[in-house]
Amino acid sequence: MSSRLNIIYSDLERQGLDGLFLSSSANITYLTGYLSPDSYLLVSHKGNIYITDSRYSEEARAELKGMAAIKKINGSLFKTIALACRELGLKRVGFEERCLPFAEYQKIKEYLRRNTSLIPTHSLVEVRRQVKDKDELKKIRHAVKITLKAFEFVRSFIKPGIREVEIAAELERFIRYNGASASAFDIIVASGSN
């Protein structure tokens, strides 16, 4: 079991929560080590449930073996989340107040039983993410190396007449070919009057 999850279990106890519903992909990835697009995670002492759709369910099942049960969204996402809470017998479920839109909160609440409460939490996982461990530092160093190589590449590539969009596209291609899974943010290239 992930030591990061164990720390969250302790945090849940301190806050009087039975579980924590995560909708932030960065926080889910931090806790599981698995890149989690379009997915959700329910964490509790009673078990963890990873909620995703059919595009990712088989891969998630292999990657999260022993860490979380996989629940495939079949119909309503919000009903699936409520059923997962019910399955684990959770009464006080924390959620990331900054990451869950109010409309989604309302839909989940609609499907929950009356004896289950959704409790807003603030930065429960983000606080843990602030301190980097050895593996995270290794990844940061690798990303910096790719970035430095990319800057050298761009310096040799830029010349008058090349459009900004071409430079951005070549930079994106270069970092991916050199080991990055994606850019951290949209690449912005500006020149001349821009």
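Residues numbered from 1 in each chain as written. Predicted model: local features only at pLDDT ≥ 70, side-chain atom pairs only at ≥ 80, totals over all residues. Heavy atoms only, no water.

Chemist: Looking at this structure, I do not really get the nonpolar core. What am I missing?
Modeler: Within soluble globular proteins, side chains that are nonpolar tend to cluster in buried spots. One finds L22, L31, V43 and Y50 to be the most contacted residues of the largest nonpolar core, which totals 22 residues. Sorting elements by how many residues they give to this core places helix 1 (residues 3-14) first, with four residues. Non-local contacts of V43, meaning those with residues more than four positions away in its chain, are made with L5, I8, Y9, L12, D18, G19, L20, L22, L31 and N48. (Core = buried A, V, L, I, M, F, W, Y, C linked by side-chain atoms within 4.5 Å. Buried < 20%, exposed > 50% of the residue type's maximum accessible area, 1.4 Å probe, protein only. Helix = DSSP H or I, 4+ residues; strand = E, 2+ residues; numbered from the N terminus. Contact = heavy atoms within 4.5 Å.)

Chemist: For this particular structure, what's the right way to read helix 8 (residues 164-177)?
Modeler: Given 3.6 residues per helical turn, the α-helix brings residues three or four places apart onto the same face. Between the first and last C-alpha of helix 8 there are 20 Å, a value that for 14 residues agrees with the 20 Å anticipated at 1.5 Å per step. When helix 8 is considered as a whole, its buried residues turn out to be I167, A168, L171, E172, F174 and I175. Axial view of helix 8: buried residues confined to an arc of 165 degrees, hence all on one face. Facing away from the buried side of helix 8, by more than 90 degrees, are the exposed residues V165 and Y177. (Expected span 1.5 Å × (residues − 1). Arc of directions from axis to C-beta.)

Chemist: Please explain helix 1 as it appears in this structure.
Modeler: With twelve residues, helix 1 extends 17 Å from end C-alpha to end C-alpha; this agrees with the ideal 16 Å at 1.5 Å per step. Turning to helix 1, its buried residues are R4, L5, I8, Y9, D11 and L12. Projected onto a plane normal to the axis of helix 1, the buried residues spread over an arc of 160 degrees and lie on a single side. Set apart from the buried face of helix 1 by more than 90 degrees, the exposed residues are S3, E13 and R14. Among the structural elements, strand 1 (19-22), helix 2 (25-32), strand 2 (40-44), helix 6 (126-129) and helix 7 (134-157) are those in contact with the buried residues of helix 1. A positive phi of about 70 degrees marks G16, the residue just after helix 1.

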